[in-house]
Amino acid sequence: MISLWRDMNRRGQVTVALAFVLLLFAPVAATRYVLSVLTLILYFVYVGQAWNLMMGYAGQLSLGHALYVGLGGYVSAALWVHFGIGPWLGVFPAVGIAAAFGAAIGWLGFRFGIEGVYFALLTIAFAEFTRIGFDHIGFVGGAGGLFIPYEQSRLGEWWNLRGSQLFFYYLAFCLAVLAVLLTALLARSRLGYQWLAIREDETAARALGIDVFWAKMKAVLISSSMTAIGGVFYAFYYNSLFPAQLFDMSRSIELILGPIVGGLGTVFGPVVGAFILTPVGELLISLTEKAGINAPGAKAIFFGLILMTIIYLVPTGVWPWLSQRLGFTRRRS
Amino acid sequence: MRFDNRTRPSRRQVLAGSAAAAAALAAPAVVRAQAKTIKIAVVLPRSGLFAAAGQSCHRGALAAPKVLADLGYAVELVHVDFESNVDVARTQTERAIADGAQAVVGAFESGATLAMAQVCEQRQVPLSINIASVPQLTEQGYKYLVRNFQTNAQLVSGGLELIKVLMGATGVQFKNAVFVHANDTFGTAQRAAMDRLFPAAQMPFPLLESIAYDPKAQDLAVEVTKIRALAPELVLVTTRSSDAIKLVRDMVRQRFEPKAIISPGSPGLYDEEFYQALGPLSDFHLFNLPWANPKSAVTQALAASYKVANPTNRFEVDCFNAGFTFEAIMVVADAFKRAGTADGPTLMKAVKATDIAEHVMTGGPIRFDEKGQNNNIQAAVVQNRNRTPTVVLPPDVAVAAPVVPMPAWQGRS
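About the criteria used
- Throughout, residues of each chain are indexed from 1 in the direction in which the sequence is written.
- Whichever chain is written first becomes A and whichever ligand is written first becomes 1, with later ones labelled in order.
- Totals for whole chains, interfaces and linings use all residues, but because this is a predicted model, local features are given only for residues with pLDDT of at least 70 and pairs of side-chain atoms are given and counted only at 80 or more.
- The helix count covers DSSP runs of H or I at least four residues long, the strand count covers runs of E at least two residues long, and both are numbered beginning at the N terminus.
- For the radius of gyration, the atom set is restricted to C-alpha positions; the globular benchmark scales as 2.2 Å times the number of residues to the power 0.38.
- Whether a residue is buried, exposed or partly exposed follows from its count of other C-beta atoms within 10 Å of its own C-beta, namely 20 or more, 12 or fewer, or something in between, respectively; the C-beta atoms are built from the backbone.
- Two residues qualify as being in contact provided that their C-beta atoms, derived from the backbone, are within 7 Å of each other.
- Expected helix span is given by 1.5 Å per residue-to-residue step, counting one fewer step than there are residues.
- We define the bend at each residue as the angle formed by axes fitted to the 7 residues ending at it and the 7 residues starting at it.
- Any residue outside Ala, Val, Leu, Ile, Met, Phe, Trp, Tyr, Cys, Pro, Asp, Glu, Lys and Arg is labelled polar, Gly included; the first ten of those are nonpolar and the last four are charged.
- Note on geometry: axes are C-alpha line fits, over the in-contact stretch for helices, and angles between N-to-C directions span 0 to 180 degrees.
- Orientation labels follow simple angle bins: below 35 degrees gives roughly parallel, above 145 gives roughly antiparallel, 65 to 115 gives roughly perpendicular, and whatever is left gives oblique.
- In this analysis, strands are considered paired if DSSP registers two or more bridges between them.
- UniProt positions are given in the numbering used here, feature names are shortened, and annotations may be inferred rather than shown by experiment.
- With strands facing away from the observer, any crossover in which the path from the first strand over the helix to the second runs clockwise is taken as right-handed.

Q: Even after reading the chapter, I still don't get the overall build of chain A, so can you show me in this structure?
A: Secondary structure assignment for chain A yields 15 helices and two strands. Its C-alpha atoms give chain A a radius of gyration of 20 Å, within 12% of the compact-globule value 20 Å for 333 residues. For chain A, the C-alpha atoms occupy an extent of roughly 60 × 50 × 40 Å along the three principal directions. Residues counted as buried form 50% of the 333 residues belonging to chain A. Contacts in chain A between residues far apart in sequence, at least 24 positions, make up 76% of those at least 6 positions apart.

Q: For this particular structure, what's the right way to read helix α3 (residues 32-57) of chain A?
A: Each α-helix winds once per 3.6 residues, and so residues spaced three or four apart point in a common direction. Residues and elements named next belong to chain A. Relative to the 38 Å expected for 26 residues at 1.5 Å per residue, α3 spans 36 Å between its end C-alpha atoms, a close match to the ideal helical length. Along its length, α3 shows its largest kink, about 35 degrees, at W51. Where burial is concerned, most of α3 is hidden: 25 out of the 26 residues are buried. Two residues or fewer after α3 comes G59, characterised by a positive phi angle close to 75 degrees.

Q: So what exactly am I meant to see when it comes to the interface of chain B and chain A here?
A: Across the contact, 31 residues belong to chain B and 29 residues belong to chain A. No other element matches the eight residues that helix α3 (residues 86-98) of chain B contributes to the side of chain B that touches chain A. For the side of chain B that touches chain A, the residue count by class is nine nonpolar, 14 polar and eight charged.

Q: What is the right way to read the packing of helix α8 (residues 190-200) of chain A against helix α10 (residues 212-238) of chain A from this model?
A: Residues and elements named next belong to chain A. It is at 10 Å that the axes of α8 and α10 come closest, and there the two elements cross at 110 degrees. For the element pair α8 / α10, the angle class is roughly perpendicular. Between α8, through L191, Q194, W195 and I198, and α10, the contact on the second element is made entirely by V212, A215, K216, K218 and A219. In terms of residue class, the contact of α8 with α10 is made up of six nonpolar, one polar and two charged.

Q: What should I look at first to understand the sheet that holds strand β3 (residues 103-106) of chain B in this one?
A: Strands belonging to one sheet form pairs held by backbone hydrogen bonds; the direction of such a pair is parallel or antiparallel. Residue and element names in this part refer to chain B. An order of β2-β1-β3-β4-β5 is seen for the five strands of this open sheet, with the pairing classed as parallel. Each end of this open sheet is capped by a strand with a single partner; those strands are β2 (75-81) and β5 (145-147). In this sheet, adjacent strand axes meet at a mean angle of 20 degrees when their direction is disregarded. Across three bridges, β3 lies against strand β4 (residues 127-129) in parallel orientation.

Q: So what exactly am I meant to see when it comes to the UniProt feature "transmembrane region" (unreviewed entry) in chain A here?
A: All names here are of chain A. UniProt's entry tags residues 40-59, 66-85, 91-110, 167-187, 219-237, 257-280 and 300-322 with the feature "transmembrane region" (unreviewed entry), counted in the numbering of this structure. The span residues 40-59 is 90% helix and 0% strand, and its two end C-alpha atoms sit 26 Å from each other. The distance separating the terminal C-alpha atoms of residues 219-237 is 27 Å; by composition the span is 100% helix and 0% strand.

Q: Can you help me understand helix α5 (residues 152-170) of chain B in this one?
A: Residue and element names in this part refer to chain B. The first and last C-alpha atoms of α5 sit 27 Å apart over 19 residues, in line with the 27 Å expected at 1.5 Å per residue. Listed in full, the buried residues belonging to α5 are N152, Q154, L155, V156, S157, G158, G159, L160, L162, I163 and L166. In this structure, the buried side of α5 is in contact with α6 (185-200), β9 (260-263), β10 (286-289), β11 (380-385) and β12 (388-393).

Q: Is there a simple way to think about the sheet that holds β10(B) in this case?
A: All names here are of chain B. Pairing is mixed across the open sheet formed by seven strands, whose spatial order is β7-β6-β8-β9-β10-β11-β12. The open sheet is flanked by β7 (207-213) and β12, the only strands paired with a single partner. The average undirected angle you get between the axes of adjacent strands in this sheet is 25 degrees. Lying on the sheet, α6 is in contact with β6 (177-182), β7 and β8 (234-238); it crosses β6 at an angle near 155 degrees.

Q: I would appreciate a short explanation of the environment of B:E272 in the present structure.
A: Residue and element names in this part refer to chain B. Note that E272 resides in helix α9 (residues 272-278). Taking the C-beta count within 10 Å as the criterion, E272 has 15 such neighbours and is therefore assigned partly exposed. Spatially, the C-alpha atoms of E272 and E316 are 10.0 Å apart, while their sequence positions differ by 44 residues.

Q: Mind showing me how you'd approach the UniProt feature "domain: Leucine-binding protein" (unreviewed entry) in chain B here?
A: Mapped onto the present numbering, the UniProt feature "domain: Leucine-binding protein" (unreviewed entry) falls on residues 37-382 of chain B. Helix makes up 46% of residues 37-382 of chain B and strand makes up 15%, while its end C-alpha atoms are separated by 36 Å.

Q: What is the right way to read the pairing of β2(B) from this model?
A: Within a regular strand, the side chains alternate between the two sheet faces. All names here are of chain B. The sheet contact formed by strand β1 (residues 38-44) and β2 spans seven bridges and is parallel. Bridging from a neighbouring strand, I38 pairs with V75 of β2. For the crossover from β1 across helix α2 (residues 51-70) to β2, the handedness is right-handed.

Q: Just to check I follow, could you spell out the packing of helix α7 (residues 165-187) of chain A against α10(A) for this structure?
A: The description of two helices packed together rests on the angle between their axes and the distance between the axes. Residues and elements named next belong to chain A. The N-to-C vectors of α7 and α10 enclose an angle of 175 degrees; their axes lie 11 Å apart at closest approach. Taken together, the axes of α7 and α10 are roughly antiparallel relative to one another. Side by side, α7 and α10 meet where F168, L171, A172, L175 and A179 of the first sit next to M226, I229, F233 and Y237 of the second. Here the residues of the contact of α7 with α10 are counted per class, giving nine nonpolar, no polar and no charged.

And the structure:
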């Protein structure tokens with residue numbers, strides 16, 4: 001973490017510090033709408049960072065990460081609704097179950113040499129059958145959904161994640177900051193370097209004596225656990241869970257777009273990606289509305305075009321390009 | 001500069017000046033609260049998974065201002081597409097309110113409606129639900145929410161009751177029935193309601209089996225084979241339009257001809273694509289749903305306005321979504337007129353006190369209970385005739401007589 005800070009020059013350090021302070025004090029000036037968008041951005045920073053660890057660093061493509069969001073959300077919500085167990089306690093079984101699913105996927109994939117797109121298919125398959133399973137589990141409402149009672153009188157019970165928009169903003173802020181710190185820490189750790197070696201050349205990594213299976217398993221376990229915490233946040237923020245929405249592949253795609261656009265395998269890539277994509281989406285809605293374009297889906301077309309343009313112009317992601325252009329990193333001699 | 005006694009303002013002058021300044025600063029809010037037109041955000045899924053239904057609701061909203069103006073209401077609508085995405089529904093509701101929306105109407109889909117309800121509750125802005133059937137919406141103590149739509153249980157129980165009415169009116173007795181439903185959110189909720197309500201409804205025929213299917217399946221041949229093996233006289237269905245088409249096609253292919261196919265409270269059998277895809281095979285299917293009352297003057301006015309606003313669409317096909325969306329807007333407009341202000345708590349009080357006798361959909365006056373639920377909505381029996389949904393029961397709203405058993409698949413034109 002400290003080495004990441006040291007790697008940045010003064011300009012980079014000032015920019016990051018300024019961004020942190022701005023976000024910390026954003027609620028002072030931001031309207032509720034801006035705050036709700038910022039909350040969404042920070043949520044995507046968090047879950048994007050979790051996915052980034054697995055794909056960006058360890059090189060394992062998961063297209064079913066919505067599975068962990070769903071499991072985290074459902075387990076914590078069910079514990080709260082049926083047993084009155086608060087989310088701060090409920091987060092542990094939620095993480096445990098998501099990690100168990102992650103371990104099962106990882107074990108199947110890595111033990112039997114399922115790699116690349118086939119591993120991605122495996123992750124999709126798990127998310128899909130879990131969705132179908134949850135459609136039929138009456139205990140969690142089946143396809144009809146699970147609802148966390150919304151009681152105005154309990155607003156302010158932060159220990160039960162019953163809070164206002166401001167509370168959820170700061171919760172998302174903390175999660176995002178912790179995810180960035182953890183990524184920075186892991187990126188410069190022995191495990192992080194092992195992941196990079198595996199990502200670049202698995203055979204060579206094995207030849208160097210790296211226990212590839214365990215290194216990859218650790219990536220899946222950490223990533224699934226982190227994502228499950230994101231699921232707990234989602235459940236208590238929206239107060240309703242539907243398998244068709246939560247486990248859907250579109251959710252997984254939504255979650256991975258930020259790191260891809262921002263820059264895979266970088267600490268600040270998912271942050272930059274989330275700060276581009278969510279505001280662009282909101283801005284396009286506003287612009288198409290103001291331009292009087294009464295064509296539903298027009299926003300999606302413009303959004304797609306912007307995405308394609310970004311990926312075409314900066315295929316390695318916005319953050320590596322940006323940090324180079326603005327000279328955020330120290331030049332190594 | 002130094003004030004002497006002559007130039008120094010007196011305490012009274014300072015107080016008066018402060019009051020004037022405060023009044024000037026507060027003026028926009030006061031003017032807004034006392035404006036003659038209410039600004040309503042109509043939040044619908046006009047793109048994404050629920051686009052077809054969302055656009056259908058939107059067409060009703062487009063037709064609303066003219067009808068409401070003729071009724072003496074003044075509304076300004078802001079149309080918001082939430083892309084069938086809960087995240088967008090929440091942020092866009094926040095934006096609409098920040099941009100001056102004084103009430104919100106939406107959102108067809110229950111998850112998104114719940115997300116919006118939280119925003120409205122915190123902002124003290126009334127939310128008038130057009131369509132969303134999960135019971136929890138009105139069971140969780142929201143104070144700024146009303147629903148002019150039936151819950152899943154009400155849809156099913158109303159649908160089952162009308163089957164008895166249909167049997168009585170036509171003299172046709174069904175010996176048995178099978179329930180076929182999509183295993184999506186709505187279908188599974190309907191199944192749960194059916195399991196609970198069918199025995200309680202004391203229907204004069206047994207339910208042989210409930211068969212779930214995946215609405216994304218390429219065809220429903222296996223499910224139809226299963227149904228055929230049970231040989232029911234009545235097939236009860238809960239479908240969406242694409243799978244309703246597949247279901248009927250496979251029934252025709254397998255020459256399975258029950259006496260009637262009835263939806264006890266679901267869409268699918270009355271969508272435009274259903275008529276386009278199946279042509280004459282789309283006729284004579286029945287659905288028991290709250291429907292636009294063809295004999296109501298407000299319905300006729302809405303139909304006329306709809307035709308002008310949406311020349312390429314048919315009101316008769318859209319009237320379920322369009323009608324409920326219109327009514328949700330009407331509820332807010334009426335409350336605003338009575339309250340004389342758009343101030344949230346006062347407006348909500350007026351919304352809760354709604355009593356509209358003349359409206360579009362079948363049923364009694366629009367009134368809300370203490371939870372914000374309108375329990376006066378009544379379903380009608382609607383039958384597809386010449387590719388047009390036609391109300392056939394109850395007699396006070398019917399414009400044609402029901403045809404049961406339905407004619408054979410072969411020889412239809």
